[in-house]
Amino acid sequence: MVELTIDGKPVSVPEGSMVMHAASELGLYVPHFCYHKKLSIAANCRMCLVEVEKAPKALPACATPVTQGMVVHTCSAKAVAAQKSVMEFLLINHPLDCPICDQGGECQLQDLAVGYGNDESRYREEKRVVFHKDVGPLVSAEEMSRCIHCTRCVRFGQEVAGVMELGMLNRGEHSEIQTFVGNAIESELSGNMIDLCPVGALTSKPFRYTARTWELARRRSISAHDSVGSNLVVQVKGDQVKRVVPFENEEINECWISDKDRWSYEGLNVADRLQTPMIKGDDGVWREASWNDALTAAAQVLERINQTHGDGQIGALATEYSTVEELALLARLTRGLGSQHIDFRLRQTDAGFEQSLQGLPWLGMPIAELNTLDRVLVIGSVLRKDHPLFAQRLRQAAKHGTQIVIIDTTGDDPLIPTAKRITVAPDQLPAFVAQVAAAGKSAEQAVPAPGKQDLTAADVAAILAGGSKSAVFLGNMAVASPHASQLAVQAQTIAQQVNGTLGFLTAGANTVGGYLAGAVATEDGMNVAKMMNNPLKAYLVLHAEPALDMDDGDKAEKMLAGAFSIALTSYKSAAESWARIMLPVAPFTETSGTFVNAEGRAQSFKGVVAGLGQSRPAWKVLRVLGNILKLTDFEDETSESVRDSVLLNGFAAKLSNKVTAVAGAATAAPVADGALQRVADLPIYRTDAIVRRAESLQQAPASAAPVARLNAATLARLGVQSGDTVKVRGSNGNDIQIQAKQDDRLADNTVRIAQGFAQTAALGSAFGNVFVEKL
């Protein structure tokens, strides 16, 4: 530790710290623009100049290492004079457009100019002008004349997002921030550049000119779109969400959020919102109804089906972003009606997966520990798209020496320095992971061969064996696979061999909470995979858009349309083609509830705006439906009492990633002659109903129309060239026309066609075989 004095106050900080860090320890604010605690030090704005005794001139606090006995003055006459001089230079070319600037009222430059700026500028020459740039649908760079060249955005891209999308062009007064040759910003974390920008150069394009910052009320919430459980500040004007920004929580999301969390609010108040209960008549026409009539009709049908067909003919399906309270009451209602058929893992295809679980699958460690691992194996995950903030933490770990191996089927670039990537066909994934497990017995003696282009299973085992703190993670594609239980058992073996941790990255905001709430089938019930093959007479469907949220959306819609299906949904188009009754329920911004994230942390939240139209919180709708059906245990008056019934006695002991082999587990089906194996990723902005309706996110390159991606060898064998239109026929007999595109990251005889689009839903299961032919 180094002892020094700042503004007369003694402080001790670790050796290697900067004066800025020492000032922060004392709670002293040193004015700055380019410095940020999560980024490298650039020292190019010079606003943090301070006086250091015995130094001939003022020094930048962010880049001056502390020394024993140093005496620093942050607000002496010399320091303030230096800071004012810097401010004068920063304002020389800055436009005087604060009244129309979107950053006005929350601008760091505006704030500091009050304290360190002059009444008027001595600069009489013509100010420079930087022409606006179009960098995509999310980030606006239309006022780059405001840029003060702090380079926070550049460093964020390089150091946090993992891709240098912005850089500095030219020198001196002619310097400007630009993308490379007019490219758009495509990072899934790009919105954080807006938060980092200390002026109005980078702003939110969807939010632009829709409200002033002082008009907005700020309310805490939790992300509903992935398993991180990012803490949010939702900014509201009237009864509409206008903006979402991160709430800093070092243990979960640090000070970042993904673009999906930031801009999904655009999907909340679309024209497609269901605002009134609706009942479909025998003539197939939808008619509006009162809540009393709709709930009474639903209860009568459920009772009649039980009386006519006996117990066990009612199923319940929900999404992984339903709250603990909603899932708990849905499970009570289903079981109160005598059925055990319930599931919230709508993309699950391994019918025996839950039989292999000995507890509730979770990350296996606190999220903050991802940065501390030294060996990581990730199986079956498009990491930076499925879990952008987990990827960000692993990216930081890799920079400090963590060796990361990724085994997958897509070959996507994770933007993480990896020890090796291995991309295999879907039917080879279980076999390769099993080979790694088998090789692990002698992994300590195995040495990776230098210069090899492709690592063998033994080489992977050797990398993992070289660590002292290791983890093996199963991603979304691995858990959704027909071979999920096999992959889990083999992953557990590998983790045990290296004395590491097995973890499930988990797909949804409340995957862990879904297990806790009992929204999974018991041994007497059917999970979603079994229900798909054994249709029931009636279904309760919560928040789901089956065509896009389920593994085989086409088959799922036909199954639901053939039964009496009751949809608790926020959107008309999500259910009107298959449901008989639609009940308008609130999205997460309009209800109170709880999400349990991947690390098993329960986070409760309140609604931030009033419900739209006649929409009601789903937990209240389920409670009233239970009352009408005269079921027991439906007396809860608050969401908190429902939550406490699930979580109050603690659940940490239930979190366990221990798995056992399941007899009769699925084996890789033979590929028919001429068929290709489908690789079906789920694009980051196609994951749930809210995100799919966010206009700006749908304009992003990540939501571009799906294509059929094949490697060069597979294209040549089919006689197809990149750019050709091909016909793709699924195993269900349906076919679509789609453009072929070369992607040499894929394994031979595979074709990558994304899920989450109406066009590709017709092909059936994400794990089926398809036939591709040139038109």
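Residues numbered from 1 in each chain as written. Predicted model: local features only at pLDDT ≥ 70, side-chain atom pairs only at ≥ 80, totals over all residues. Heavy atoms only, no water.

The first and last C-alpha atoms of helix 8 (residues 324-336) sit 18 Å apart over 13 residues, in line with the 18 Å expected at 1.5 Å per residue. Counting buried positions along helix 8 gives eleven out of 13 residues, so the element sits mostly inside the fold. Looking only at helix 8, the buried set comprises Val324, Glu325, Glu326, Leu327, Ala328, Leu329, Leu330, Ala331, Arg332, Leu333 and Thr334. Just downstream of helix 8 lies Gly338, where phi reads positive at about 85°. (Helix = DSSP H or I, 4+ residues; strand = E, 2+ residues; numbered from the N terminus. Expected span 1.5 Å × (residues − 1). Buried < 20%, exposed > 50% of the residue type's maximum accessible area, 1.4 Å probe, protein only.)

So, on to the sheet that holds strand 10 (residues 203-204). Across the sheet, which stays open at both edges, the three strands sit in the order 6-7-10 with antiparallel pairing between neighbours. Edge positions in the sheet fall to strand 6 (133-134) and strand 10, since each has one partner strand and no second. For strand 6 and strand 7 (residues 139-141), the ladder comprises two bridges, and the chain directions are antiparallel. Within strand 7, the position partnered with Lys133 by the bridge is Ala141. (Pairing = 2+ DSSP bridges.)

A separate point is the UniProt feature "domain: 4Fe-4S Mo/W bis-MGD-type" (unreviewed entry) in the protein chain. Taken from the UniProt record, the annotation "domain: 4Fe-4S Mo/W bis-MGD-type" (unreviewed entry) applies to residues 216-272. Along residues 216-272, the helical share is 9% and the strand share 35%, with 25 Å between the first and last C-alpha atoms. (UniProt positions renumbered as here; feature names shortened; annotations may be inferred.)

By secondary structure assignment, the location of Ile100 is in the loop between helix 2 (77-90) and helix 3 (108-116). Ile100 sits in the exposed class, given a relative accessible area of 52%. C-alpha of Ile100 to C-alpha of Pro546: the two residues are 446 residues apart in sequence and 44 Å apart in space. Residue contacts for Ile100: discarding those within four places in its chain leaves Arg146, Tyr209 and Arg212. (Contact = heavy atoms within 4.5 Å.)

Under the defined criterion, the tally for this structure stands at 41 salt bridges. Between Arg124 and Glu120 there is a salt bridge, and its shortest N-O distance comes to 3.7 Å. We classify Arg124 as exposed; its relative accessible area is 59%. The shortest N-O distance in the salt bridge between Asp554 and Lys558 comes to 3.3 Å. One end of the pair is Asp554 and the other is Lys558, both in helix 19 (residues 553-561) and four residues apart, which spans about a single turn. (Salt bridge = Lys/Arg side-chain N within 4 Å of Asp/Glu carboxyl O.)

As a further point, take the packing of helix 12 (residues 429-439) against helix 15 (residues 484-497). Geometry of a packed helix pair, given as the angle between the helix axes and the separation of the axes. Two elements in contact, helix 12 and helix 15, have axes separated by 9 Å at closest approach and are oriented at 20°. Between helix 12 and helix 15, the interaxial angle falls into the category roughly parallel. Handedness of the helix 12/helix 15 crossing: left-handed. Contact residues: helix 12 offers Leu429, Pro430, Val433, Ala434, Val436 and Ala437, while helix 15 offers Gln486, Leu487, Gln490, Ala491, Thr493, Ile494 and Gln497. The residue makeup of the contact of helix 12 with helix 15, split by class, is nine nonpolar, four polar and no charged. (Axes fitted to C-alpha atoms, helices over the stretch in contact; angles between N-to-C directions. Parallel < 35°, antiparallel > 145°, perpendicular 65-115°, else oblique. Left-handed = near helix turned anticlockwise from the far one by under 90°. Nonpolar A, V, L, I, M, F, W, Y, C, P; charged D, E, K, R; others polar.)

Time to look at the confidence of the model for the protein chain. Taken as a whole, the protein chain shows an average pLDDT of 93; of its residues, 97% reach a score of 70 or greater. Under a pLDDT of 50 for its full length, residues 443-454 has, in the predicted model, 15 contacts with residues more than four places off or in other chains. (pLDDT = per-residue confidence, 0-100.)

Moving on to the environment of Ala702. Take Ala702: it is sitting in the loop between helix 23 (695-699) and strand 29 (708-710). Ala702 gets classed as partly exposed once you look at its relative accessible area, which sits at 27%. Each C-alpha atom of the pair Ala702 and Val135 lies 14 Å from the other, and the pair is 567 residues apart in sequence. Excluding its chain neighbours within four sequence positions, the residues that come into contact with Ala702 are Lys385, Pro683, Ile684 and Tyr685.

Okay, the packing of helix 12 against helix 13 (residues 457-465) next. Between helix 12 and helix 13, the least distance of the axes is 8 Å, while the angle of their chain directions is 60°. Taken together, helix 12 and helix 13 sit at an angle that is classed as oblique. As helix 12 runs across helix 13, the sense of the crossing is right-handed. Two secondary-structure elements touch here, helix 12 through Phe432, Gln435, Val436 and Ala439 and helix 13 through Ala457, Ala458, Val460 and Ala461. Among the residues making up the contact of helix 12 with helix 13, the classes are represented as seven nonpolar, one polar and no charged.

Let us now look at the nonpolar core. Ranked by size, the top nonpolar core spans 96 residues in total, and within it Phe33, Met47, Phe156, Leu202, Val241 and Phe473 carry the most contacts. What Phe473 contacts, discounting residues up to four positions off in sequence, is Leu363, Met365, Leu370, Leu373, Val376, Leu377, Val378, Ile379, Gly503 and Leu505. If you look at the next biggest cluster of nonpolar residues, it comprises 87 residues, including Leu429, Ala517, Ala519 and Leu542. (Core = buried A, V, L, I, M, F, W, Y, C linked by side-chain atoms within 4.5 Å.)

This structure, assessed with the given rule, holds five aromatic pairs. A ring pair is formed by Phe353 and Phe504, whose centres lie 6.3 Å apart and whose planes are at 65°; its orientation type is edge-to-face. Taken as a pair, Phe353 in helix 9 (residues 353-356) and Phe504 in strand 22 (residues 501-504) lie far apart in primary sequence, 151 residues in all. An identical accessibility class is assigned to Phe353 and Phe504; each is buried. Taking the ring centre of Phe207 as reference, the NZ or CZ of Arg243 above it sits at 4.3 Å. Over the aromatic face of Phe771 sits the side chain of Arg729, whose NZ or CZ is 4.4 Å from the ring centroid. (Phe/Tyr/Trp six-rings, centres within 6.5 Å; stacked < 30°, edge-to-face > 60°. Lys NZ or Arg CZ within 6 Å of the ring centre and 35° of its normal.)

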